[in-house]
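Close look at the chain arrangement
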Amino acid sequence: MKRLILMRHGKSSWKNPIISDFDRPLNSRGKNDIVKISEILFEKSIKPELIISSPAKRTKVTAEKVAETLSKKLHFEKDFYEAFYDEILEIINDFDDHIQDIMLVIHNPAITDLRNHFLPDDYLENIPTSGVVAIEFENANSWKNLGKGKELFYEYPKKNIEEN
């Protein structure tokens, strides 16, 4: 069995229009939201064996907070920045099959497209910033050709507000 946890970076700041997209930092809401989501992941006992993040500033800071909260090592994949979902899927297909649980901290639209690729019967228009979706592939022994998955959970900072 394989589990893939997909997380979108926290809300970024647009205060300084001359900063490159790659170097955009998180805004204050983004910083607060990643603390909330990190705590939710900790409470759910999420323990990915590997956390891989885009190296862009907003994803890097998001992933560092999650890795710190979950006491996990963090790796950066330069090809995640500005990647389309099918390019990320090719990277996933090359993951070591000895690893069962992997978390990716990436950008939209790739994260939403990747989620919809694995969960085609439950289309989602957009994963919000700091959103996390966990997908299980019950019969998968390999990261190649994972097929259709099963959603374990979908969390985002405003979820409890929107549901009440």
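See the structure above.
In this text the structure is predicted, and so the values were computed from the model without any measurement.

What about the side chain of R115?
Here R115 lies in helix 4 (residues 110-118). A distance of 2.9 Å separates a polar atom in the side chain of R115 from a polar atom in the side chain of N116. A distance of 2.4 Å separates a polar atom in the side chain of R115 from the backbone oxygen of D122. Beyond its immediate stretch of four places on either side in the chain, R115 contacts L6, D122, Y123, L124, I127, V133, I135 and E151.

A short note on the environment of K57
By the element assignment, K57 lies in helix 2 (residues 57-70). Separated by 48 residues in sequence, K57 and H9 place their C-alpha atoms 9.5 Å apart. Excluding anything up to four places from it in sequence, K57 contacts F22, D23, R24 and P25.

A short note on the pattern of salt bridges
Going through the model one piece at a time under the given rule, you end up with 14 salt bridges. As a salt-bridge pair, E68 and K65 come within 4.0 Å of each other at their nearest N and O atoms. A residue pair is termed a helical-turn pair when its members lie 3 or 4 positions apart in one helix, as E68 and K65 do in helix 2 at three residues. Overall, E68 belongs to the exposed group, its relative accessible area being 57%. Under the relative-accessibility criterion, K65 is labelled partly exposed at 24%. The salt bridge partner of D122 is R115, with a shortest N-O separation of 3.1 Å. Among the residues examined, R115 registers a relative accessible area of 1% and is labelled buried.

Thresholds applied
Residues numbered from 1 in each chain as written. Predicted model: local features only at pLDDT ≥ 70, side-chain atom pairs only at ≥ 80, totals over all residues. Heavy atoms only, no water. Helix = DSSP H or I, 4+ residues; strand = E, 2+ residues; numbered from the N terminus. Polar contact = N/O pair within 3.5 Å; in protein donor to acceptor, adjacent residues only side chain to side chain. Contact = heavy atoms within 4.5 Å. Salt bridge = Lys/Arg side-chain N within 4 Å of Asp/Glu carboxyl O. Buried < 20%, exposed > 50% of the residue type's maximum accessible area, 1.4 Å probe, protein only.

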